[in-house]
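Working through the structure, step by step
Chain residues, written in single-letter form:
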Amino acid sequence: MSDIDVLKPETIAKPKIEQPRLYKVVLLNDDYTPREFVVQVLKAVFRTNEDQAYRIMMTAHQKGACVVATFTRDIAESKATEGTEMGRQKGYPLAFSTEPEE
Ligand code: TYC
């Protein structure tokens, strides 16, 4: 076997890296939380700008729910809890849920 055979691509081991499953954080509409407060929460928890936060809030308002972003499971769950808790502290029923992608 010559050196060139040893270097053929099919002979080079390719480490198979498993990508972690991603989870969607979903903003759920309700009839009571003020729009401006939803925008504040989205900016604080998800680091969106004003315009992105407004569009996400309005999509949830009009359609019932809106995917905010995707993360690994732990991060998705902690952001959903943090956003939901910010609403609860003000007495609002604001809610975020998580669901696996695909
Ligand atoms: N529907 C709310 C209102 O009219 C605003 C709102 C939007 C609340 C999106 C929650 O996820 C939400 N005050």
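This one's a predicted model, so the numbers in the text were calculated from it and none came from an experiment. Numbering of residues starts from 1 in each chain and follows the order in which that chain's sequence is written. Reporting in this predicted model follows two pLDDT cut-offs: at least 70 for local features of residues, and 80 or more for side-chain atom pairs to be given and counted; totals over whole chains, interfaces and linings ignore these cut-offs and use all residues. Note: side-chain values were computed over all heavy atoms of the structure, leaving out hydrogens and water.

1. Concerning the site of the ligand
Only heavy atoms are used to decide nearness, and a residue is near a molecule or strand if one of them lies within 4 Å of it. Taken together, Leu-27, Leu-28, Asn-29, Asp-30, Thr-33, Arg-35, Val-38, Met-57, Ala-60 and His-61 form the complete shell of residues around the ligand. Within the contact set of the ligand, a nitrogen atom lies 2.8 Å away from a side-chain nitrogen or oxygen of Asn-29. Here a polar contact is recorded for every N or O atom pair within 3.5 Å, except that within protein the pair must consist of a potential hydrogen donor and a potential acceptor, and residues adjacent in sequence are included only if both atoms are side-chain atoms. Contact between the ligand and Thr-33: a nitrogen atom at 2.9 Å from a main-chain N or O atom of the residue. Going through the elements one at a time, β1 (22-28), α2 (35-46) and α3 (50-63) are the ones with two or more residues in the shell around the ligand. By the convention adopted, Pro, Cys, Tyr, Trp, Phe, Met, Ile, Leu, Val and Ala count as nonpolar, Lys, Arg, Asp and Glu as charged, and the other residues, Gly among them, as polar. Considered class by class, the residues forming the shell around the ligand number five nonpolar, three polar and two charged. Strands are runs of DSSP state E lasting at least two residues, helices are runs of H or I lasting at least four, and both sets are numbered from the N terminus onward.

2. Some words on the packing of α2 against α3
Between α2 and α3, the least distance of the axes is 9 Å, while the angle of their chain directions is 125°. Regarding the angle of α2 to α3, the classification is oblique. At the point where α2 passes α3, the crossing takes the right-handed sense. Along the contact surface, α2 presents Arg-35, Glu-36, Val-38, Val-39, Leu-42 and Lys-43, while α3 presents Glu-50, Ala-53, Tyr-54, Ile-56, Met-57, Met-58 and His-61. A fitted line through C-alpha atoms serves as each axis, taken over the contacting stretch for helices, and the angle formed by two N-to-C directions is quoted from 0 to 180°. Orientation categories follow fixed angle ranges, with anything under 35 degrees roughly parallel, anything over 145 roughly antiparallel, 65 to 115 roughly perpendicular, and all other angles oblique. Note on convention: the crossing is left-handed when the near helix lies turned anticlockwise from the far helix by less than a right angle, right-handed when the turn is clockwise. The contact criterion used throughout is that any non-hydrogen atoms of two residues lie within 4.5 Å.

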